[in-house]
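# Observations on the model geometry
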Amino acid sequence: MNWLKLGSKPVFVTVLADKQVKIGENFSLKCQTNTERITVTWKKKDQTLCCVEGKHETVKDGKSFSLKITNADPGDEGNYTVTIQNSSGSASCSAMVTVELSEWRTVQWKQEPMTKKLKNFGICSRDVKELRFLLYGPVGAGKSSITNTIKTIFEEHQYINCLAASASTGKSFTKKLEKYSVGNVPFTFFDVMGLEKGSEGVHPHDIISALKGHVPNNYEFKENVPIDKDNRSYIVNPTLNDQIHCLVSVIAADKIILMTDEVIQKMRTIRAEASILGIPQVVLMTRVDEVCPMTKQDVTKIYQSRKIKEKMTMCSNILGVPMNCIFPVKNYHEETKPNEQLNCLMLEAFTQIVHSADDFVKKNSNQQKTVE
Ligand SMILES: Nc1nc2c(ncn2[C@@H]2O[C@H](COP(=O)(O)OP(=O)(O)OP(=O)(O)O)[C@@H](O)[C@H]2O)c(=O)[nH]1
Ligand SMILES: [Mg+2]
């Protein structure tokens, strides 16, 4: 093609803007240039866009250029780039298109009713003083940050004592079975060292022993030497008060694909043992803001995000857990002010954990058994 020699390369007057669209919606990506005498090419995910009839239409109106897309579907999501060119040079700009799903799970975005219910919660059995939840998962999954977030919600100030690793070192920051009580509510978290490949990190048998109530608080895990009966700290005859009442698997949304087969296998072993013991299980998928810009910007859109649903499906497949046991959550990590939406998302998951743990206690308490 012959271009007119203009002497200067074309420039954008306005650039493409990111779009969030709903399934079935028609939308356009638009830009304006300083000249009409240019060739325009559109790319999607770095590939030249193959215009499909009835789906894509490129429109030129003077110095305005647009790409119209009809009937948005998940395949339309991605990064779009437009390049304008003349004989003197070219310029490009890009925009991200996100196709929202219809909201497939609802969250109560009001914190007060949820915290009120939990603050008034009474454990079903008098035998049990506190509901005990164990957090486990790969190194750096966000286990300690979950405790921080829940303590921040209930204690109403930023809680940062439960040390979270500041950077990804690949080595677990938490070494002990650390107990964290939550405000004035009868809920206790146990935070453990992360799972690692090979003989490193916490041994799956240590987690299984903790589930059964054999491991005392503050027990320092020893790599590759799981606690056993010969250890002086071993609790030989644990009661329901020593046991874990809900097992919480923690997986970081942005690190799922980095999980090694060995770590996945360790998680499966622990889950299988918890199933045999009848201990309920919930998966918390953290760092959702790292995989979905839409969620990062507005956490209330989380159940409209395809990316989040995709990551939850991956968790479900890897661990063999049904989707209704998986909760995507965001932790406090850089924010210093309370955030009601972040709290609500965590409280939805936490409420599920509390009720599952209470059901387990109900089934296993002596008091209940004698009544039955
Ligand atoms: N962006 C983002 N970062 C998070 C989130 N949750 C945790 N993090 C960060 O992820 C890193 C690891 O979090 P930790 O809570 O230390 O993870 P851990 O599972 O306790 O790690 P180990 O104890 O070392 O096994 C820290 O830098 C946190 O600040 C989240 O929801 N979003
Ligand atoms: Mg930790």
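Residues numbered from 1 in each chain as written. Chains lettered and ligands numbered in written order. Predicted model: local features only at pLDDT ≥ 70, side-chain atom pairs only at ≥ 80, totals over all residues. Heavy atoms only, no water.

### Remarks on the environment of Pro10
Among the secondary structure elements, Pro10 is positioned in the segment before β1 (12–14). Placed 76 residues apart in sequence, Pro10 and Asn86 show a C-alpha to C-alpha distance of 6.7 Å. Among residues more than four places away in sequence, those in contact with Pro10 are Asn34, Thr35, Ile38, Ile84, Gln85, Asn86, Gly89 and Ala91. (Helix = DSSP H or I, 4+ residues; strand = E, 2+ residues; numbered from the N terminus. Contact = heavy atoms within 4.5 Å.)

### Let's talk about the domain arrangement of the chain
Split into domains, the chain comes out as domain 1 (12–100) and domain 2 (111–365). Distance from the C-alpha centre of domain 1 to the C-alpha centre of domain 2: 43 Å. Contacts between the two partners involve 6 residues from domain 1 and, on the opposite side, 5 residues from domain 2. In total, about 570 Å² of surface goes out of reach between domain 1 and domain 2, with carbon and sulfur atoms giving 46% of it. When the area that domain 1 buries against domain 2 is broken down by residue, the three leading residues are Gln20, Glu77 and Glu100, summing to 66%. Taken together, domain 1 and domain 2 are joined by 2 salt bridges. Arg306 is the salt-bridge partner of Glu77, the closest N and O atoms lying 3.4 Å from each other. Run the count over domain 1 and domain 2 and you get 4 residue pairs in polar contact (both at pLDDT 80 or more). Per-element tally for the side of domain 1 that touches domain 2: the top contributor is strand β9 (residues 89–100), with 3 residues. (Domains from an automatic or database assignment. Buried area = accessible area lost by both parts, 1.4 Å probe. Salt bridge = Lys/Arg side-chain N within 4 Å of Asp/Glu carboxyl O. Polar contact = N/O pair within 3.5 Å; in protein donor to acceptor, adjacent residues only side chain to side chain.)

### Comments concerning the pattern of salt bridges
For the structure shown, the criterion picks out 12 salt bridges. One salt bridge in this structure joins Lys55 and Asp76, with 2.6 Å as the shortest N-O distance. Of this pair, Lys55 sits in the loop between β5 (47–48) and β6 (56–61) while Asp76 sits in the loop between β7 (64–69) and β8 (78–86); the two residues are 21 residues apart in sequence, bridging distant segments of the chain. Ionic contacts of the salt-bridge type, sharing partners, join the residues Lys22, Glu100 and Lys301 into one network.

### Side note on the packing of helix α4 (residues 261–277) against helix α6 (residues 306–319)
Axis separation between α4 and α6 bottoms out at 9 Å; the angle between their running directions is 70 degrees. On the basis of their axis angle, the class for α4 and α6 is roughly perpendicular. Residues Ile264, Met267, Arg268 and Arg271 of α4 form the contact with α6, whose participating residues are Asn317, Ile318 and Leu319. Class assignment of the residues belonging to the contact of α4 with α6 gives a composition of 4 nonpolar, 1 polar and 2 charged. (Axes fitted to C-alpha atoms, helices over the stretch in contact; angles between N-to-C directions. Parallel < 35°, antiparallel > 145°, perpendicular 65-115°, else oblique. Nonpolar A, V, L, I, M, F, W, Y, C, P; charged D, E, K, R; others polar.)

### Looking at the nonpolar core
Counting 84 residues, the largest nonpolar core has Leu131, Phe133, Leu134, Phe154, Phe187, Leu284 and Phe350 as its most contacted members. Examining the composition of this core, we find that 11 residues originate from one element, helix α7 (residues 340–364), more than from any other. Contact partners of Phe187, with chain neighbours within four places excluded, come to Leu118, Phe121, Leu131, Phe133, Tyr180, Ser181, Val182, Phe350 and Val354. Leu16, Val21, Val82 and Ile84 belong to the second-largest nonpolar core, a separate cluster that totals 21 residues. (Core = buried A, V, L, I, M, F, W, Y, C linked by side-chain atoms within 4.5 Å. Buried < 20%, exposed > 50% of the residue type's maximum accessible area, 1.4 Å probe, protein only.)

### Brief notes about helix α1 (residues 111–119)
Structurally, the α-helix is built with 3.6 residues per turn, so residues lying three or four positions apart point the same way. Within the sequence span of α1, burial applies to Gln111, Met114, Thr115 and Leu118. Buried residues of α1, viewed axially, fall in a sector of 95 degrees; they line one side. In this structure, α1 carries Glu112 and Lys117 as exposed residues pointing more than 90 degrees from its buried face. Buried residues along α1 sit against α2 (143–155), β12 (185–191) and α7. (Arc of directions from axis to C-beta.)

### Notes on the sheet that holds β1
Strand pairing in a sheet relies on backbone hydrogen bonds. The paired strands run either parallel or antiparallel. Read across the sheet, 4 strands follow the order β1-β3-β7-β6 without closing on themselves; strand pairing throughout is antiparallel. Sheet topology places β1 and β6 at the edges, where each strand pairs with a single neighbour. Along the sheet, successive strands turn relative to each other by an average axial angle of 30 degrees, direction set aside. For β6 and β7, the ladder comprises 6 bridges, and the chain directions are antiparallel. From the neighbouring strand, Asp61 faces β7, where its bridge partner is Ser64. (Pairing = 2+ DSSP bridges.)

### Quick look at the side chain of Lys311
On the secondary structure map, Lys311 appears in helix α6. Buried Lys311, no salt bridge; nearest opposite-charge side chain is Glu310, N-O distance 5.4 Å. Excluding residues within four positions of it along the chain, Lys311 makes contact with Ala253, Ile256, Met285 and Val291. (Lys, Arg positive; Asp, Glu negative; His and termini not counted.)

### Details of the packing of aromatic side chains
Within the structure shown, the criterion is met by 9 aromatic pairs. Relative to Tyr303, the ring of Trp104 lies with its centre 5.3 Å away and its plane at 90 degrees, an arrangement referred to as edge-to-face. On the criterion of sequence distance, the pair formed by Trp104 in the loop between β9 and α1 and Tyr303 in the loop between α5 (293–297) and α6 is long-range, its members being 199 residues apart. Consider the rings of Phe189 and Phe350, whose centres lie 5.6 Å apart with planes at 25 degrees: the pair is stacked. With Phe189 in strand β12 and Phe350 in helix α7, this residue pair connects regions lying 161 residues apart in the sequence. What makes Phe189 buried here is its relative accessible area of 1%. An aromatic cluster is defined as three or more aromatic residues linked by ring pairs; in this entry it consists of Phe121, Phe133, Phe154, Phe187, Phe189 and Phe350. For Arg105, the ring lying beneath its charged end belongs to Phe327, and the centroid distance is 5.2 Å. (Phe/Tyr/Trp six-rings, centres within 6.5 Å; stacked < 30°, edge-to-face > 60°. Lys NZ or Arg CZ within 6 Å of the ring centre and 35° of its normal.)

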